[in-house]
Amino acid sequence: MPRIRPTARKALLTVHLVTSLGWLGADLVLLTLGIAVQRGADPAVVYPVTALVGTMLFAPLSVLVWLIGVASSLLTPWGLLRHRWVLVKLVLTTVMVGLVLFLLTPNLRHAGAVGAALPARDRADLVIAPAVSTSLMIIATVLSTYKPWGRRPAAQPAQTSRDRAATTL
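Source: prediction; values computed, not measured. Counting restarts for each chain, with residues numbered from 1 along the sequence as it is written. Given that the model is predicted, a residue must reach a pLDDT of at least 70 before its local features are reported, and side-chain atom pairs must reach 80 or more before they are shown or counted; all residues, however, enter totals for whole chains, interfaces and linings. Hydrogens and water are ignored here; the side-chain numbers use all heavy atoms of the structure.

Draft legend 1. The overall build of the protein, seen in detail. Of regular secondary structure, the protein possesses five helices and zero strands. Numbering goes from the N terminus for both helices and strands, where a helix is a DSSP run of H or I of at least four residues and a strand is a run of E of at least two. Ordered by position from N to C terminus, the α and β elements of the protein give α-α-α-α-α. Relative accessibility decides the category of a residue: with a 1.4 Å probe and only protein chains considered, values under 20% of the type maximum give buried, values over 50% give exposed, and everything between is partly exposed. Scored against the burial criterion, the 169 residues of the protein give a buried share of 33%.

Shown next as structure tokens:
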């Protein structure tokens, strides 16, 4: 896959950071609204807002973050499968996007529709899910910052006979 110029790479990284921060911000809003209901806020008022934030902001941002992250990996020297930290971030983000699209967003829409009639166990889910996803986003950020574990063994460049001879001396 062709690599892009440093200026384009920085622009892609900037867009990835902005969308990721937006996704984290929307997640924190959902968490705050879920906690507000647990602390006594009117679910008939709060849950329609959570449904709107989840549907119009959180879900689209999750897909954008995933798409831009994959494009960034493929178009830069990091690669998609070369480094363990990139692979772990890809798996984490893919799982989160799947959960957002197929579990959380429908639950938010349902909560917005039924409001105060939402059972207590379902109300707890609307706090737990954003708390877990916020934690996973923080883990992904740490991985991006520290880039642990190095390259995957299969992605290591092949050692030449000259390199092997130099290491045995």
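Draft legend 2. Expanded view of the packing of helix H2 (residues 43-75) against helix H3 (residues 84-114). Note on geometry: axes are C-alpha line fits, over the in-contact stretch for helices, and angles between N-to-C directions span 0 to 180 degrees. At a minimum axis distance of 9 Å, the contact between H2 and H3 shows a crossing angle of 160 degrees. When the interaxial angle is binned, H2 and H3 end up roughly antiparallel. Taken as a pair, H2 and H3 cross one another with a handedness that is left-handed. Under the scheme applied here, ten amino acids are nonpolar (Ala, Val, Leu, Ile, Met, Phe, Trp, Tyr, Cys and Pro), four are charged (Asp, Glu, Lys and Arg), and all others, including Gly, are polar. Class assignment of the residues belonging to the contact of H2 with H3 gives a composition of 17 nonpolar, nine polar and one charged. For classification purposes, angles smaller than 35 degrees are called roughly parallel, those larger than 145 roughly antiparallel, those between 65 and 115 roughly perpendicular, and all remaining angles oblique. Note on convention: near helix rotated counterclockwise from far helix by under a right angle means a left-handed crossing. Clockwise means right-handed.

Draft legend 3. Structural view of the packing of aromatic side chains. To pair, rings of Phe, Tyr and Trp, with the six-membered ring standing in for Trp, must have centres within 6.5 Å; the planes then decide the type, stacked if under 30 degrees apart, edge-to-face if over 60, and tilted in the middle. On inspection of all chains with the given rule, the structure shows two aromatic pairs. Where tryptophan 78 meets tryptophan 85, the ring centres are 5.2 Å apart and the plane angle is 75 degrees; that geometry is what we call edge-to-face. Classification of tryptophan 78 as partly exposed rests on a relative accessible area of 35%. For lysine 147, the ring lying beneath its charged end belongs to tryptophan 85, and the centroid distance is 5.0 Å. In this analysis the charged atom, NZ for Lys or CZ for Arg, is taken to sit over a ring once it is within 6 Å of the ring centre and within 35 degrees of the ring normal.

Draft legend 4. Inspection of the nonpolar core at higher detail. Counting residues in hydrophobic clusters, the biggest one holds 21 residues, and the most contacted among them are Trp23, Leu30, Tyr47, Phe58, Leu104 and Leu126. Contributing elements (two or more residues each) for this core: helix H1 (6-38), H2, H3 and helix H4 (120-146). Between two residues, a contact is recorded if the distance between any of their heavy atoms is within 4.5 Å. Once you skip the residues sitting within four places of it in the chain, leucine 126 turns out to touch Leu30, Gly34, Tyr47, Leu104, Asn107, Leu108, Ala111 and Leu118. Residues enter a nonpolar core if they are buried and are Ala, Val, Leu, Ile, Met, Phe, Trp, Tyr or Cys, with the set joined through side-chain atoms within 4.5 Å.

Draft legend 5. Structural view of H2. By this rule, a helix spans an expected 1.5 Å times one less than how many residues it contains. Its 33 residues place the ends of H2 45 Å apart at the C-alpha level, agreeing with the 48 Å of an ideal helix rising 1.5 Å per residue. Values of bend correspond, residue by residue, to the angle between axes fitted over the seven residues ending at that residue and the seven starting there. Of all the bends found along H2, the most pronounced is centred on glycine 54 and spans about 40 degrees. Any pair of nitrogen or oxygen atoms within 3.5 Å is treated as a polar contact; in protein, a donor-acceptor pairing is required on top of that, and neighbouring residues in sequence qualify only through side-chain atoms on both sides. Taking the backbone nitrogen of alanine 44 as reference, a side-chain oxygen 3.0 Å away marks aspartate 42 as the first, capping residue of H2.

Draft legend 6. Quick peek at the environment of leucine 92. With respect to the element layout, leucine 92 can be found in helix H3. Taking relative accessible area as the criterion, leucine 92 reaches 18% and is therefore assigned buried. Remark: the alpha-carbon pair of leucine 92 and methionine 137, spanning 45 residues in sequence, is separated by 8.5 Å. Those residues in contact with leucine 92 that lie beyond four places of it in its chain are Leu136, Ile139 and Leu143.

Draft legend 7. Summary view of H1. Compared with the 48 Å implied by 1.5 Å per residue over 33 residues, the 47 Å span of H1 between its first and last C-alpha is a close match. Taken together, the buried residues of H1 touch H2, H3 and H4. Once H1 ends, the next one or two residues include glycine 40, with phi positive near 115 degrees.

Draft legend 8. Layout of the packing of H3 against H4. For the pair H3 and H4, interaxial distance at closest approach is 10 Å and the crossing angle is 160 degrees. With respect to each other, H3 and H4 are oriented roughly antiparallel. For the crossing formed where H3 meets H4, the hand is left-handed. The residues of H4 that touch H3, namely those facing Trp85, Val88, Lys89, Leu92, Met96, Leu104, Asn107, Leu108 and Ala111, are Leu126, Ala129, Ser133, Leu136, Met137, Ile139, Ala140, Leu143 and Ser144. Looking at the contact of H3 with H4 residue by residue, the classes come out as 14 nonpolar, three polar and one charged.

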